[in-house]
Amino acid sequence: MLLSKELKEQLNGLASFMENVKALLDAVNLSENLKKSFQDLCDNALKLKSDAEDVQKNNGYYDFRLNHLLVKNFRKYGSYEEEDLYTGLYALGAQVLYLLGNNGSGKSSMFNAAEYIFTKDISEARYRCYANLKQYIRHEDKEPVVKAFMKNGAKIELGSTDGIGALSMLPLSSFFISEYSIYKAGNKIKDVDFLPYLCELLGIGSLYDFAFGKVVEDVISNLESIQTRQNVSEETAVNNLKTAIDDYCKAGSGNDEPTINTDDAQDETPAAQTVGIEGNAVAKKFNELSGNLNKTITVETDLNSSLLENIVNFAAELRRVREDIVHNVSKENVTTSIDQLKSLKDNITTGIVNYVNEIVDDEFKDIVNRLFDRYAITDGEKPEIHNIEGKVMQITSNGVSVVKYFNTFRFRMFFLIMQTACCLKLMKKYKVLFPIFMDDIFYANDYHNKAQLKGFFEVVLKYVADNFSVNSRPQLIFFSHDEQIILSLYQTKKSEGGNIKFGKVLSVSDLTQIESTKQDIILEIGRIPYRNIYIEIFK
């Protein structure tokens, strides 16, 4: 991700912190679940460090507009008798591609293919709580193939990161807009706070979880509890250890077998706790050594020379273990780590607030309001995006949170507008062009009159025309089953001009019968044949 300089510096600080604190986290008595949650949280945040600013630009932009998308054995689309033949989406040269298709024709399968190759995820599957994505995408249990050919010449294939380049700068999941977008928005908003939702849209949701979540607070709390414990001197630790071992051995010199269960020692670590040593490293070593010692103790055994030798070795070994980790569990080290973690948390919080304010500026708010105005909402019911106050960002209408105020239609439209505005603003800011994909998100019956249907796209295309050069305009690929929507959008073509194409998506059976759908991609390596899923209409 391309982030602000402020957030990049904090991510570098987090990477350094995790490198230095690993031994400490292994030594202190954190639960395995908390330790894993903290590690996963940090790993997810550090994934944002990668970017690719050295990729070649075209007309000042990283140009990842789509030319061709090819699939085989993916969801609706299987394979043909001709082994080298694919099913594909022809988008070459189109700034806007409106595609009309009946339910079941394969629109969503092509949307899913694009989403999966670029994000490694499928929102439709998440919406349905279908966890096994590999099984979800397969057609007749065959190995799926997806290939994307971009305007800048990049070729991207499923399972490979080659060609991705500068796309790592963008939160690509936000460029795929579907019903799941509404579902995800509802899950991310916390009461009236829209900040976690916006962080997710901007691709910094993992940073939000680090800065505002409970895991870091729990780690800090655990480390602070260590500060209050009394340090045990080395001499006292050894004496306590000898006493513990002596008691242990006496338990084995009677008529009953020793009562200490070495299987439990890994969790309880009685001797380790007695000498004031905590942590999994010591616990495991104690368990290992005490297990060896236990083997030498029988019901007849007394403190003979062999046993004493084992005791001495046991004490010396455990002492060396303590010496290896004592610097990690010292109060000074713990205090330093707490201070560093608190500082990182505070600085990342500040960085998030500043970054969101940088994106959600007056221009962003203007896009949202202009898009919302086209739906003939009652005067005074426009959304008002407030500045972040007290680490909370509210969006209201007439002083009431839009979560409560808007009805179902306006609630849906508001979040579709927010996501679209986010995509446009990010492409403009980072000079990266990538298609905005939309799958069946508008329904004609939702509108008071059919003239409103085209309003959304008119505003989007007007913003694009005003903010991007003719040869560097973002690409929009829109799938719909609603004929009235497409007919209304045809008016947009007549009023706005530009390279706008309309297509009728064919059923899988029709694809094999209409010869005009067969296309060829001309590459340096030769021709790659595929059947285009649509035929052009309104030419």
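1. With respect to the layout of surface pockets
And step 1. Taken as a whole, the largest pocket encloses approximately 1,100 Å³ of empty space.
And step 2. In the lining of the largest pocket, the residues fall into 15 nonpolar, 12 polar and nine charged.

2. Observations regarding the sheet that holds strand 2 (residues 66–72)
And step 1. Strand order in the open sheet formed by six strands is 6-5-2-3-16-15, and the pairing between neighbours is mixed. Of all the strands in the sheet, just strand 6 (155–157) and strand 15 (518–523) have a single pairing partner and so form its edges. Strand-to-strand twist in this sheet, taken as the mean axis angle between neighbours without regard to direction, amounts to 30 degrees.
And step 2. Lying on the sheet, helix 3 (residues 107–119) is in contact with strand 2, strand 3 (86–90), strand 5 (145–150) and strand 6; it crosses strand 5 at an angle near 80 degrees.

3. Thoughts on the sheet that holds strand 17 (residues 534–537)
And step 1. Spatially, 7-12-13-4-14-17 is the arrangement adopted by the six strands of the open sheet, whose pairing is mixed. Sheet topology places strand 7 (176–177) and strand 17 at the edges, where each strand pairs with a single neighbour.

4. Considerations on the packing of helix 15 (residues 331–359) against helix 18 (residues 408–430)
And step 1. Look at helix 15 against helix 18: their axes get within 10 Å of each other, and the N-to-C directions meet at 95 degrees. By the angle between their axes, helix 15 is roughly perpendicular relative to helix 18. Only Lys-425, Leu-426, Lys-429 and Tyr-430 of helix 18 make contact with helix 15, whose side of the interface consists of Tyr-355, Glu-358 and Ile-359.
And step 2. Looking at side-chain class alone, the contact of helix 15 with helix 18 contains four nonpolar, no polar and three charged residues.

5. With respect to the packing of aromatic side chains
Aromatic ring pairs: the centre-centre distance and the angle between the two ring planes describe each pair.
And step 1. The final tally for this structure, using the stated rule, is 31 aromatic pairs.
And step 2. Consider the rings of Tyr-98 and Phe-457, whose centres lie 5.3 Å apart with planes at 90 degrees: the pair is edge-to-face. Placement of Tyr-98 in strand 4 (residues 96–100) and of Phe-457 in helix 19 (residues 455–467) is noted, with a sequence separation of 359 residues between them.
And step 3. Classification of Tyr-98 as buried rests on a relative accessible area of 0%.
And step 4. On the numbers, 4.6 Å between centres and 35 degrees between planes, the contact of Tyr-490 with Phe-538 is tilted. With Tyr-490 in helix 20 (residues 483–496) and Phe-538 in the segment after strand 17, this residue pair connects regions lying 48 residues apart in the sequence.
And step 5. Residue classification places Tyr-490 among the partly exposed positions, given a relative accessible area of 24%.
And step 6. The structure contains a cluster of three or more aromatic residues connected by ring pairs, namely Phe-194, Tyr-197, Phe-372, Tyr-405, Phe-406, Phe-411, Phe-414 and Phe-415.
And step 7. The ring of Tyr-86 has Lys-72 sitting right over it, with the charged end atom 4.3 Å from the ring centre.
And step 8. The side chain of Arg-531 reaches across the aromatic face of Tyr-80, ending 5.9 Å from its centre.

6. A short note on the nonpolar core
And step 1. Ranked by size, the top nonpolar core spans 147 residues in total, and within it Leu-89, Val-356 and Phe-434 carry the most contacts.
And step 2. Among the elements that line this core, the one with the most residues is helix 18, at 15 residues.
And step 3. Every residue in contact with Val-356, bar those within four places of it in the chain, is listed here: Leu-195, Leu-198, Cys-199, Leu-202, Ile-204, Ile-388 and Met-393.
And step 4. Membership of the second largest hydrophobic core comes to six residues, among which are Leu-70, Tyr-86, Phe-149 and Ile-528.

7. Remarks on the side chain of Lys-72
And step 1. Note that Lys-72 resides in strand 2.
And step 2. Although Lys-72 is buried, it makes no salt bridge; Glu-83 carries the closest opposite charge, 6.8 Å away.
And step 3. At a separation of 2.6 Å, a polar atom in the side chain of Lys-72 contacts the main-chain carbonyl oxygen of Glu-83.
And step 4. Once residues within four sequence positions are removed from consideration, Lys-72 is found in contact with Tyr-77, Gly-78, Ser-79, Glu-83, Asp-84, Leu-85, Tyr-86, Glu-143, Pro-144 and Val-145.

8. Quick look at the packing of helix 8 (residues 205–212) against helix 15
And step 1. The contact between helix 8 and helix 15 brings their axes to 9 Å, and the two run at 130 degrees. The angle between helix 8 and helix 15 places the two elements in the oblique class. Helix-helix and strand crossings are classified by hand; for helix 8 and helix 15 the assignment is left-handed. For the pair helix 8 and helix 15, contact is made by Leu-207, Tyr-208, Phe-210, Ala-211 and Phe-212 and by Leu-341, Leu-344, Lys-345, Ile-348, Thr-349 and Ile-352, respectively.
And step 2. Partitioning the contact of helix 8 with helix 15 into residue classes produces nine nonpolar, one polar and one charged.

9. Here's the deal with helix 18
And step 1. Under the 1.5 Å per step criterion, the end-to-end length of helix 18 is 33 Å for 23 residues, consistent within 8% with the ideal 33 Å.
And step 2. Of all 23 residues making up helix 18, 20 are buried, and the element is well covered by its neighbours.
And step 3. The opening residue of helix 18 is Asn-407, an N-cap whose side-chain oxygen sits 2.9 Å from the backbone nitrogen of Arg-410.
And step 4. Of the residues trailing helix 18, Lys-431 is marked for its positive phi of about 60 degrees.

10. Some words on unusual backbone geometry
And step 1. Here Cys-129, not a glycine, exhibits a phi torsion of approximately 60 degrees, which is positive.
And step 2. Within the secondary structure, Cys-129 sits in the loop between helix 4 (123–127) and helix 5 (133–137).
And step 3. Backbone geometry places Lys-431, a non-glycine residue, at a positive phi of 60 degrees.
And step 4. On the secondary structure map, Lys-431 appears in the loop between helix 18 and strand 11 (432–433).

11. A closer look at helix 2 (residues 32–46)
The α-helix winds at 3.6 residues per turn, so residues separated by three or four positions along the chain end up facing the same way.
And step 1. With 15 residues, helix 2 extends 21 Å between its outermost C-alpha atoms, agreeing within 8% with the 21 Å of an ideal straight helix rising 1.5 Å per residue.
And step 2. For helix 2, the complete set of buried residues consists of Leu-34, Lys-35, Phe-38, Leu-41, Cys-42, Ala-45 and Leu-46. Along the axis of helix 2, the buried positions cluster into a sector of 130 degrees, meaning they face one direction only. Among the exposed residues of helix 2, those oriented more than 90 degrees off its buried face are Glu-32, Asn-33 and Lys-36.

What counts as what
- Residues numbered from 1 in each chain as written.
- Predicted model: local features only at pLDDT ≥ 70, side-chain atom pairs only at ≥ 80, totals over all residues.
- Heavy atoms only, no water.
- 1 Å grid on protein atoms, 1.4 Å probe; cavity = no way out; pocket = protein on both sides within 12 Å on 5 of 7 lines; lining within 4 Å.
- Points joined across faces, edges and corners; volume = space filled by probe spheres on them.
- Nonpolar A, V, L, I, M, F, W, Y, C, P; charged D, E, K, R; others polar.
- Pairing = 2+ DSSP bridges.
- Helix = DSSP H or I, 4+ residues; strand = E, 2+ residues; numbered from the N terminus.
- Axes fitted to C-alpha atoms, helices over the stretch in contact; angles between N-to-C directions.
- Contact = heavy atoms within 4.5 Å.
- Parallel < 35°, antiparallel > 145°, perpendicular 65-115°, else oblique.
- Phe/Tyr/Trp six-rings, centres within 6.5 Å; stacked < 30°, edge-to-face > 60°.
- Buried < 20%, exposed > 50% of the residue type's maximum accessible area, 1.4 Å probe, protein only.
- Lys NZ or Arg CZ within 6 Å of the ring centre and 35° of its normal.
- Core = buried A, V, L, I, M, F, W, Y, C linked by side-chain atoms within 4.5 Å.
- Lys, Arg positive; Asp, Glu negative; His and termini not counted.
- Salt bridge = Lys/Arg side-chain N within 4 Å of Asp/Glu carboxyl O.
- Polar contact = N/O pair within 3.5 Å; in protein donor to acceptor, adjacent residues only side chain to side chain.
- Left-handed = near helix turned anticlockwise from the far one by under 90°.
- Expected span 1.5 Å × (residues − 1).
- Arc of directions from axis to C-beta.

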